[in-house]
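Observations on the model geometry
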Amino acid sequence: SLQTLCMLPVSSVDAQVACIQFLMEKESVFVALRSGDIFSINVGSGSWDVETVGTVDSGISGCAWSPDDEVLAVVTGEGQLLLMTQEFDVLNEFALSKDEQSEVQHVAVGWGTKATQYHGKAGKAAALEDTKIDVAGLSADDDFEVRVSWRGDGDFFAVSSLDPAAGREIRVFSREGKLHSVGEKITALEHTLAWKPSGRLVAATEKQSHRHDVVFYERNGLRHGEFTLRTSTRRVLDLAWNADSSVLAVLALVDTQGNGTYLEPCVELWADKNYHWYLKQELRSSAFGGDSISHVVWDPEDIFCLHVLGQASYMQVRLHAAPDVSHVAADDSNSAACVVDGDKLLYTPFAVANVPPPMALHTLSTGIPTTHVAFSAFGSGNDFAVLLADRRTVVLYESASASKVSQMIAPVEKMRVKISSGSSIRQICWPRRDTLVALGIDCISVLNVDSGTTESYPVANLKLDACDLTTLVAAPHAALVIVQDSRGHVYSLDIDSVPIELLPIAELPTLCVEIDAVVVDGTPVVIGRTDRNQLFANNHLISSVCSSFYLRQDMLVFTTTTHFARFVPVDGEILTVAPSEDSNSVISKYDESRRRVERGSTIVLASPVGENVIFQMPRGNLETVRPRAMVLAVVRRALDDHRYRDAILNCRVNRIDMNIIYDHNPQELISRINDFVMQVNDPDLLNLFVSGLRNEDITRTMYTGLKSCD
């Protein structure tokens, strides 16, 4: 609930806020009203005393502090631009729209322009047609207000304002107040404005009759790309970048019902990869208590923490990015991954095809933007459940196994179920074919898929010492449903008991953004990665430079910020293995425990039983590699299962010394030499095997396994 700490000495009519910001150095809250009044609220002493700083007689149309809180840019009601210090001394004052030559002029040399293109039947007249926009049109949704946005380093700021002669335009000024550039005019530029903290682009919106775009400008004023919002997004209220420029929040009025009768305030979270913009989340007012969302602000320090303010409530949303992939160790697993893009789900089975985003082998339409995807923890692990943005509806998909891409068919929607009781759902998991488990804001719900009945249990009744539950995962390698609280404590969820019970299984040193579990010597071990790149097995630190991980039944695979992929066997030693930073270390050519990877690579998934690992590069492309550790694991498993032809083919394809076929278990091979010859049944392969034999035990000299590697 919201608490009143102080009251400003103004009437409700004049209390329209133009800017409010906490000034860390002065330990005060700056408040500027559109009436022109400026106040400073002292919070350092805890007294919350209100001090009147001054008044701008003509009112304040817009203002914003520089990122270092040293310079305040104020646009007055008369169209004057004021630059003031932290002590509110005026540094510069001038007319915002004065006729002044900017430092940067738009220059076109003609390459790629309309005049140089072939226009077919339209002829030369179309090439000579003038397409320059002198006066930009005004969107019907424009609020006629001024916006000010600073670049991340504070050297420049942009002002979006209405010019009587030119329509709405964006002007870029230096910190000293010198006009740097004027934005290129477009058809219907809107009032929103947000400068990307990384400094490269300025975001705004353009609403045309047939489409609604988020457009980008460079510092020199030239337009630089755009992406189109969904047709259900009717009006954009504000834009906000997170601190590392990876996510753009769009506060908008959205036709969530699809009939145009009610436009619901929503926060859309967009992220780009591989030159494509994805809608990753849609936060609806109705899904968070029903209070209408009015403002959104990113945390300046926690890059994935979003502060959402409603008309009468406040909510803090913490986000993290994790790949939606299958984990079940089954021979017929498709090793599938799903990428969320609004109401589209991009599905790719990496066991038969590697299709890089933004493309996919199959594109599924859910009708409503997706919030969370959970692959099944039973059978082959190919089926998956999708939680939609209303945070009540779950779509269940079935996917058949395939051995080659020509046999792969698109997943089929099996049914849609609604979780009717309890609070809005944040995460789901699918541990059994007939059971879905959902984690709500303040409850855990268990849904019987066959009957459609839901049982909800308040978190307050689960004796968690008032800690919030943050993560829900179905761990197939441990046959458990696990949940994590805000302290990092992990519990096993007994969904068969009534009421459900939480059984403690591990205490991670801190809250982890990704968790999974596996059974080691009959005891579940929890693997967790923090947002500070620490990787833990229970409370034991495995690495302090982990950027991503994937847990198999027999092996833990993770990448590091020092550009290595590491492979750790899942056995009793995982709780005692010494952490390694891999800094400038020399790798033996026979070392199975690590390999170099491209800078910034992260794991999408590793084949649960095969030898492939899918890496995503910083620029967005995907690469499939076959690490020596995983290839040898497949070869050893084939030899143990007496699948000699599979073993010898793997050795030939992956250039593995065939001595391992004998040295792995000499007595076993000699006793089954007839089976070996009959299975291989290829003179060339037999000659290759025999000619490569030598008097050396390569299990001691070359392929020593993961345990003996440092």
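A count of helical and extended segments in the chain gives 8 helices and 50 strands. Summarising its shape, the C-alpha atoms of the chain cover approximately 100 × 70 × 50 Å along the three principal directions. Per-residue burial over the chain gives 51% buried out of 710 residues. Expressed as a percentage of contacts within the chain between residues at least 6 apart in sequence, the contacts between residues at least 24 apart total 45%. Separation of charge centres in the chain, based on 61 positive and 92 negative side chains, amounts to 7 Å.

Right, let's get into the packing of helix α6 (residues 673-680) against helix α7 (residues 683-691). Packing of α6 against α7 brings their axes to within 8 Å, and their N-to-C directions diverge by 135°. Compared by their axis directions, α6 and α7 come out oblique. Of the residues in α7, those touching α6 at F676, V677 and V680 are L685, L686 and F689. Grouping the constituent residues of the contact of α6 with α7 by class yields 6 nonpolar, no polar and no charged.

Quick look at the sheet that holds strand β46 (residues 564-569) now. The strand order across the open sheet formed by 4 strands is β44-β45-β46-β47, and the pairing between neighbours is antiparallel. Here the strands that pair on one side only, and so sit at the sheet edges, are β44 (546-551) and β47 (594-596). Across this sheet, the average inter-strand angle for adjacent strands is 15°, counted without regard to direction. Here 5 bridges tie β44 to strand β45 (residues 555-560), and the two strands are oriented antiparallel to one another. Each residue of the ladder has a partner; that of S548, found in β45, is T559. Its contacts with the sheet place helix α2 (residues 628-640) against β45 and β46, and it is angled at close to 170° to β45.

On inspection of all chains with the given rule, the structure shows 38 salt bridges. The salt bridge partner of R147 is D143, with a shortest N-O separation of 2.6 Å. Salt bridges sharing partners connect three or more residues here, namely R230, E268, E282 and R284.

Let's shift gears to the pairing of strand β10 (residues 156-163). Buried residues dominate β10, accounting for 7 of its 8 residues. Here 4 bridges tie strand β9 (residues 147-150) to β10, and the two strands are oriented antiparallel to one another. Its bridge partner lying in β10, S149 is registered against A158. For β10 and strand β11 (residues 167-174), the ladder comprises 8 bridges, and the chain directions are antiparallel. Each residue of the ladder has a partner; that of V159, found in β11, is R171. Hairpin connection, β10 to β11: the antiparallel pair is bridged by 3 residues.

Turning to the nonpolar core, a few remarks are in order. Counting residues in hydrophobic clusters, the biggest one holds 23 residues, and the most contacted among them are F567, V604, L605 and F615. Secondary-structure elements contributing two or more residues to this core are β45, β46, β48 (602-606), β49 (613-616), β50 (622-625) and α2. No other element matches β48, which puts 4 residues into this core. With sequence-adjacent residues up to four places away left out, F567 is seen in contact with M555, L556, V557, E592, S593, R594, R595, P627, A629, M630 and L706. Of all hydrophobic cores here, the second largest spans 21 residues; its members include L632, A638, F676 and V680.

What follows is about the sheet that holds strand β30 (residues 393-398). Strand order in the open sheet made by the 4 strands is β28-β29-β30-β31, with antiparallel pairing throughout. The open sheet is flanked by β28 (370-375) and β31 (412-418), the only strands paired with a single partner. Put simply, the sheet's adjacent strands are angled 20° from each other on average, direction ignored. Sheet topology note: the β28/strand β29 (residues 384-388) ladder contains 5 bridges and is antiparallel.

Under the defined criterion, the tally for this structure stands at 18 aromatic pairs. Seen in terms of ring centroids, F375 and F384 are 5.3 Å apart; in terms of plane orientation they differ by 45°. Their pairing is tilted. The pair formed by F375 and F384 is uniform in burial state, with each residue classed as buried. Geometrically, the ring pair formed by Y644 and F676 is edge-to-face, given 5.6 Å between the ring centres and 75° between the ring planes. Within this pair, whereas Y644 is found in helix α3 (residues 644-653), its partner F676 is found in helix α6, the two being separated by 32 residues in sequence. Classification of F676 as buried rests on a relative accessible area of 1%. Through successive ring pairs, a cluster of aromatic residues spans F216, F227, W241, W270 and W277. Cation over ring: K280 sits above Y278, and NZ or CZ is 5.1 Å from the ring centre.

All right, on to unusual backbone geometry then. Leaving glycine aside, a negative phi is the common case for residues, and trans is the common case for peptide bonds. Here the residue pair P357 and P358 is connected by a cis peptide bond, since its omega of 10° sits within 30 degrees of zero. Among the secondary structure elements, P358 is positioned in the loop between β26 (344-349) and β27 (362-365). Along the chain, V498 connects to P499 via a cis peptide bond; the corresponding omega equals -5°. By the element assignment, P499 lies in the loop between β38 (489-494) and β39 (501-507). At E27, a position not held by glycine, the phi torsion is positive, near 50°. Assignment of secondary structure puts E27 in the loop between β1 (17-23) and β2 (28-33).

Here we come to the state of the cysteines. Following the criterion strictly, the structure yields 0 disulfides and no others. Cysteine C63 shares no disulfide, and the gap to the nearest cysteine sulfur, in C19, comes to 4.0 Å. Free cysteine: C429, not disulfide-bonded; nearest cysteine sulfur from C443 at 14 Å.

In this section: the packing of α3 against α7. Contact geometry of α3 with α7 gives a least axis separation of 11 Å together with a crossing angle of 70°. Taken together, the axis directions place α3 and α7 in an arrangement best described as roughly perpendicular. Residue-level contacts link R645, I648, L649 and R652 of α3 to L685, L688 and F689 of α7. For the contact of α3 with α7, the class distribution of residues is 5 nonpolar, no polar and 2 charged.

Below, the discussion takes up the confidence of the model for the chain. Per-residue confidence for the chain averages 89 on the pLDDT scale, and 92% of its residues sit at or above 70. Confidence scores differ between elements of the chain, with helix α1 (residues 123-128) showing the lowest mean pLDDT of 62 and strand β13 (residues 194-195) the highest of 97.

A cluster of nonpolar side chains, contributed by Y662, I670, V690 and L693, occupies part of the molecular surface with about 350 Å² of accessible area. Turning to its location among the elements, L693 is positioned in the loop between α7 and α8 (698-701).

The next subject is α2. The end-to-end C-alpha separation of α2 is 18 Å, in line with the 18 Å expected for 13 residues at 1.5 Å each. Burial analysis of α2 places 10 of its 13 residues in the buried class, which makes it a mostly covered element. Among all positions in α2, only A629, M630, V631, L632, A633, V634, V635, R636, A638 and L639 are buried. Where α2 is buried, its residues contact β45, β46, β48, β49, α3 and α4 (659-663). Count one or two residues on from α2 and you reach H642, which has phi positive near 60°.

About the cut-offs
- Residues numbered from 1 in each chain as written.
- Predicted model: local features only at pLDDT ≥ 70, side-chain atom pairs only at ≥ 80, totals over all residues.
- Heavy atoms only, no water.
- Helix = DSSP H or I, 4+ residues; strand = E, 2+ residues; numbered from the N terminus.
- Buried < 20%, exposed > 50% of the residue type's maximum accessible area, 1.4 Å probe, protein only.
- Contact = heavy atoms within 4.5 Å.
- Lys, Arg positive; Asp, Glu negative; His and termini not counted.
- Charge placed at Lys NZ, Arg CZ, Asp CG, Glu CD.
- Axes fitted to C-alpha atoms, helices over the stretch in contact; angles between N-to-C directions.
- Parallel < 35°, antiparallel > 145°, perpendicular 65-115°, else oblique.
- Nonpolar A, V, L, I, M, F, W, Y, C, P; charged D, E, K, R; others polar.
- Pairing = 2+ DSSP bridges.
- Salt bridge = Lys/Arg side-chain N within 4 Å of Asp/Glu carboxyl O.
- Core = buried A, V, L, I, M, F, W, Y, C linked by side-chain atoms within 4.5 Å.
- Phe/Tyr/Trp six-rings, centres within 6.5 Å; stacked < 30°, edge-to-face > 60°.
- Lys NZ or Arg CZ within 6 Å of the ring centre and 35° of its normal.
- Disulfide = S-S within 2.5 Å.
- pLDDT = per-residue confidence, 0-100.
- Patch = residues over 30% accessible without salt bridge, like charges linked within 9 Å, V, L, I, M, F, W, Y side chains within 5 Å.
- Areas by Shrake-Rupley, 256 points an atom, 1.4 Å probe, with all protein chains shown as cover.
- Expected span 1.5 Å × (residues − 1).

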